[in-house]
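# Fold and contact review
Spelled out, the chains give:
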Number of protein chains: 2
Amino acid sequence: MSKQITGSEIERLIQLLAKMPGLGPRSARRAALHLIKNKDRLLEPLSAALQDAGAKVVECSVCGNIDTVDPCTICRDPRRDPSIICVVEEVGDVWALERAAAVKGRYHVLGGTLSALDGIGPDELNIASLLARAAASEVKEIIIAVNATVEGQTTAHYLTDQLRDCGVSVSRLAHGVPVGGELDYLDEGTLAAAMQARRPF
Amino acid sequence: MSKQITGSEIERLIQLLAKMPGLGPRSARRAALHLIKNKDRLLEPLSAALQDAGAKVVECSVCGNIDTVDPCTICRDPRRDPSIICVVEEVGDVWALERAAAVKGRYHVLGGTLSALDGIGPDELNIASLLARAAASEVKEIIIAVNATVEGQTTAHYLTDQLRDCGVSVSRLAHGVPVGGELDYLDEGTLAAAMQARRPF
């Protein structure tokens, strides 16, 4: 849209909104209009919330999670089992596992996956701090909960290698049919993995 | 997500983002993480842009468009033909028509459509101001460019009735096959309208 027809402030808002994941140029325009129309209810609170989050959110120096306190709420929770560390790629994965209440222990956020193509080696990820945590006597199990992608699995293999001498048991998430999933829609790899890992009924 | 696992500032940001059109709870979480990760490049500029837009954007007292000046950039542009007023439902429609460079004249934003169901009558829309503008001697044509929905067409008929005594010609957008559209995917109503309005080749 040319500058001729509307103020540059609106233009700039649309440009920034279009950079968010899930919003293209068209939906960014819709979102901008919606925000401007709902100034008191949405635009001003959102501006304040962004400022708040920007000012207060920090990365946890222990696990790499984000929170408004450091160490993060999970790391400082005494009810969490200190003998288990669940390794994930991103903060979003921590949130997903917490929604499922699937982890009794604590987390470690790698910040990505190894990727020769993108020039991401072990030094670019939070791997040194993971090895340091794994060496502590209280840690008994490391659960590697990375994505089931090529990059994720490469990273998982690398971590397993590195953790061999730490005296901890290393596990990974099970592969199989998603709960609620229909066989007809699943790929061959998942079906083969589910068949191979079949369990007595 | 419970408050236990992350700061309330992040929680509040996610809740507000989820109220934007096109973002559900899952994409709001992704957007929040993306914003927090790109604090300098995205989160802080977006917060400032929202504040700017909130402070400076006003509704044009002539046509109902939004802009940072009143009258809006379009209304004060001397190169615009003052004899043509294009009537649209929402500000987004002005932007769409401007992208298509389809209107030589100026606009009038109704702010919605007549809807008995939602209790929206003529007084809830910018219709009185349209009739006042149409009565000016310089105005020759009113183009009714509302959506081709039942509510849009009801509104168009009402406006045509009201404008009858203003001495202006009233036109509406053509119905037909969208440019690039395939006949096989079009509904019967559109095909019938396109056939009826067929033109010599």
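This one's a predicted model, so the numbers in the text were calculated from it and none came from an experiment.

## Notes on the side chain of R80 of chain A
All names here are of chain A.
- Its location among the elements puts R80 in the loop between β2 (66-67) and β3 (84-88).
- For R80, a relative accessible area of 11% corresponds to the buried category.
- Among the polar contacts listed, one links the side chain of R80 to the backbone oxygen of G105, at a separation of 3.1 Å.

## So, the confidence of the model for chain A
- With 97% of its residues at a pLDDT of 70 or more, chain A has an overall mean of 91.
- This complex was scored by the predictor with a pTM of 0.78 and an ipTM of 0.79.

## A word on the relation of the copies chain A and chain B
- Rotating chain A by 180° about the axis while translating it 0.0 Å along that axis superimposes it on chain B, leaving an RMSD of 0.1 Å. The operation mapping one copy onto its partner corresponds to a two-fold rotation axis. Closest approach to the rotation axis among the C-alpha atoms of chain A is made by S47 of chain A, whose C-alpha sits 2.3 Å away.
- Here 100% of the contact residues of chain A are again contact residues in chain B; the copies associate through an equivalent surface.

## Focus: the interface of chain A and chain B
- Opposite the 54 residues of chain A that make contact, chain B presents 54 residues.
- Linking chain A to chain B there are four salt bridges.
- Taking the shortest distance from any N to any O, the salt bridge between K56 of chain A and E9 of chain B comes out at 3.2 Å.
- Residue assignment for the side of chain A that touches chain B shows that the elements contributing at least two residues are α1 (8-17), α2 (25-37), α3 (39-56), β2 and α4 (91-99) of chain A.
- If one sorts the elements of the side of chain A that touches chain B by residue count, α3 of chain A sits on top with 14 residues.
- Taken together, the residues of the side of chain A that touches chain B sort by class into 26 nonpolar, 11 polar and 17 charged.

## Details of the packing of helix α2 (residues 25-37) of chain B against helix α3 (residues 39-56) of chain B
Residues and elements named next belong to chain B.
- One way to put it is that α2 packs onto α3 with a least axis distance of 6 Å and a crossing angle of 115°. In this view, α2 runs roughly perpendicular relative to α3, as classed from their interaxial angle. Contacts between α2 and α3 involve H34, L35, I36 and K37 from the former and K39, R41, L42, L43 and L46 from the latter.
- Across the contact of α2 with α3, the residue classes tally to five nonpolar, one polar and three charged.

## Overview of the sheet that holds β3 of chain A
Residue and element names in this part refer to chain A.
- Spatial strand order, β4-β3-β5-β6: four strands in an open sheet with parallel pairing. Edge positions in the sheet fall to β4 (106-109) and β6 (169-172), since each has one partner strand and no second. Taking each pair of neighbouring strands and ignoring which way they run, the sheet shows an average axis angle of 25°.
- In this structure, β3 lies alongside strand β5 (residues 141-144), joined through four bridges in parallel fashion.

## A look at the sheet that holds strand β6 (residues 169-172) of chain B
Residue and element names in this part refer to chain B.
- Across the sheet, which stays open at both edges, the four strands sit in the order β4-β3-β5-β6 with parallel pairing between neighbours. The open sheet has two edge strands, β4 (106-109) and β6, and neither has a second partner. Neighbouring strand axes in the sheet, compared pairwise and without regard to direction, differ in orientation by 25° on average.
- Seen against the sheet, helix α4 (residues 91-99) touches β3 (84-88) and β4 and runs at an angle of roughly 155° to β4.
- Contacts from helix α6 (residues 150-163) reach β3, β5 (141-144) and β6 within the one sheet, and its direction differs from that of β5 by about 165°.

Criteria and thresholds
Residues numbered from 1 in each chain as written. Chains lettered and ligands numbered in written order. Predicted model: local features only at pLDDT ≥ 70, side-chain atom pairs only at ≥ 80, totals over all residues. Heavy atoms only, no water. Helix = DSSP H or I, 4+ residues; strand = E, 2+ residues; numbered from the N terminus. Buried < 20%, exposed > 50% of the residue type's maximum accessible area, 1.4 Å probe, protein only. Polar contact = N/O pair within 3.5 Å; in protein donor to acceptor, adjacent residues only side chain to side chain. pLDDT = per-residue confidence, 0-100. Least-squares fit on C-alpha atoms with pLDDT ≥ 70 in both. Contact = heavy atoms within 4.5 Å. Salt bridge = Lys/Arg side-chain N within 4 Å of Asp/Glu carboxyl O. Nonpolar A, V, L, I, M, F, W, Y, C, P; charged D, E, K, R; others polar. Axes fitted to C-alpha atoms, helices over the stretch in contact; angles between N-to-C directions. Parallel < 35°, antiparallel > 145°, perpendicular 65-115°, else oblique. Pairing = 2+ DSSP bridges.

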